[in-house]
Amino acid sequence: MRSRAHPTRRLVLGSAVALAACGRPAAQTPAGPAAPLKDLVPAPFGATAMTGQLDDPAWREAVLRHCSQLTPEWEQKMERTLGPGFAHDFSASDRVVAFARDHGLRVHGHTVIWYSQGSEVFTDDLPRDRFAAEYDRYIHALVGRYRGRMAGWDVVNEPVTEDGNGLRDCHWSRALGPEGYMVRAFQQAKAADPDAVLFLNEYNLENIPAKGATFLRLVERLLTLGAPIDGIGTQSHLNIEIPAGRVRDFFRDSASLGLPIHVSELDFPMQRDGGHLPDLRSTAERRAQQVARVGELAEAFAALPERQRYAFTTWGLRDPDSWLVRAEGRNRTDESALLLDAEARPNPAYQALVDAFTGRAGA
């Protein structure tokens, strides 16, 4: 995932019919520069960082204005850190962590164990004792390298199937057990850095109620098995067309576990994934849907007890930073799925977030 700039369009919230259908009044796009998000969000506000962005003056200016936390977007994933023969390379990760330290930002680690990576080295024919030993060694090497310097970690990422009907089959589960690989990862991470907040992280929890329910049951199950899970990460790649109330319901259910909650990868794409029918929604309708869903998410997060508001992170800060826009991502050059546009000016959803966090939503 790399950054690519794209032209900016001025988009205006339109028809009252579209806004009324979303059940939320329009959030007017503020004029002028956006007030710092870190001063508005009732928790640390974060975004992603990659080494290629660290020397970009415009990116640096926007991040240092708005963020109090960074998440390495790619630099701590196994495709970057793990090589043949179980060699470890954390040099790119070190650069992001050093940048954050030098500028007084805290860091959230992402991600230690993910079903989609590591199979080139952790193969199915690897002897199980070697598999387990290298698994433990990798976790200790990555998490322990930053002991005392990371606010938290996504220890296990995306363990639930796409439709929420069970757990993913992967190289980790086949070698160490469907739940065993997760328990082991959390235990090893806790031993490597006892003070970091350790998260189980997943996507589509708000979008697909069955997946949200399976995920929360998994958290409860892993806790009973001895996994030191300290928090819940909901990626919040929002489908802006989901019914009103679905986001609120997931936050209510997840809050009942009493754990800190991290909105860990927020974006809210205007374009639909897949499908063969043309998308006939107007720009005004799509912006209205964004405003409604982002506002609902922010209200649900603000309603959490303070001790459960770990952080609020967007996956990219400005529109061109998004994986949806970049050529090696979805390559949607006209996508606008973040709080700030290419010039770091507020998009309409920015004001919805502000309204929710200042108690003005619905006023």
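Conventions adopted
Going along each chain's sequence as written, the residues are numbered from 1 onward. Two thresholds apply to this predicted model, a pLDDT of at least 70 for residue-level local features and 80 or more for giving and counting side-chain atom pairs, whereas whole-chain, interface and lining totals are computed over all residues. Derived side-chain values reflect all non-hydrogen atoms in the structure, with water molecules and hydrogen atoms excluded from consideration. The quantity known as pLDDT measures the predictor's confidence residue by residue, on a range of 0 to 100. Only DSSP runs of H or I covering at least 4 residues are called helices, and only runs of E covering at least 2 are called strands; the numbering of each starts at the N terminus. Throughout, a contact is declared for two residues whenever any of their heavy atoms are within 4.5 Å. To obtain an axis, a line is fitted to C-alpha atoms, over the contacting stretch when the element is a helix, and the angle between two such axes runs from 0 to 180 degrees between their N-to-C directions. For classification purposes, an angle smaller than 35 degrees is called roughly parallel, one larger than 145 roughly antiparallel, one from 65 to 115 roughly perpendicular, and anything else oblique. To estimate the expected span of a helix, count its residues, drop one, and scale the result by 1.5 Å. Relative accessibility decides the category of a residue: with a 1.4 Å probe and only protein chains considered, values under 20% of the type maximum give buried, values over 50% give exposed, and everything between is partly exposed. Polar contacts, as counted here, are pairs of nitrogen or oxygen atoms within 3.5 Å of one another; within protein the pair requires one atom able to donate a hydrogen and one able to accept it, and residues that are adjacent in sequence qualify only if both atoms are side-chain atoms. Whether two strands pair comes down to DSSP finding at least two bridges between them.

(A) Region of interest: the confidence of the model for the chain. Confidence in the prediction for the chain averages 91 pLDDT; 90% of positions are at 70 or higher. When pLDDT is averaged over each helix and strand of the chain, the minimum, 34, is found for helix α1 (residues 16-21) and the maximum, 99, for strand β6 (residues 152-157). pLDDT under 50 marks residues 1-25. Its contacts with residues more than four places away, or in other chains, come to 63 contacts.

(B) Inspection of the packing of helix α8 (residues 209-224) against helix α9 (residues 246-255) at higher detail. One way to put it is that α8 packs onto α9 with a least axis distance of 11 Å and a crossing angle of 10 degrees. By the criterion of interaxial angle, the relationship of α8 to α9 is roughly parallel. Along the contact surface, α8 presents Pro209, Gly212 and Leu216, while α9 presents Arg246, Phe250, Asp253 and Ser254.

(C) Just helix α7 (residues 180-192), in detail. Taking 1.5 Å of rise per residue, 13 residues should cover 18 Å, and α7 covers 18 Å from first to last C-alpha, within 8% of that figure. Three or more residues of α7 are buried, namely Tyr181, Met182, Val183, Ala185, Phe186, Gln188, Ala189 and Ala192.

(D) Molecular detail of the environment of asparagine 207. For asparagine 207, the position within the fold is in the loop between β7 (197-202) and α8. Separated by 171 residues in sequence, asparagine 207 and proline 36 have C-alpha atoms that sit 29 Å apart. In this structure asparagine 207 touches His237, Leu238, Asn239, Ile242 and Arg246, once residues within four positions along its chain are discounted. A distance of 2.7 Å separates polar atoms of two side chains, one belonging to asparagine 207 and the other to asparagine 204. A polar contact of 3.0 Å, which involves the side chain of asparagine 207, links it to the backbone oxygen of histidine 237.

(E) How the structure looks around the pairing of strand β5 (residues 106-114). Across the nine residues of β5, eight count as buried, placing the element largely inside the fold. Where strand β2 (residues 69-72) and β5 come together, two bridges link them in parallel fashion. Bridge assignment links glutamine 69 to a residue of β5, and that residue is arginine 106. Taken together, the five bridges between β5 and β6 define a ladder with parallel strand orientation. Bridged to histidine 108 within β6 is glycine 152.

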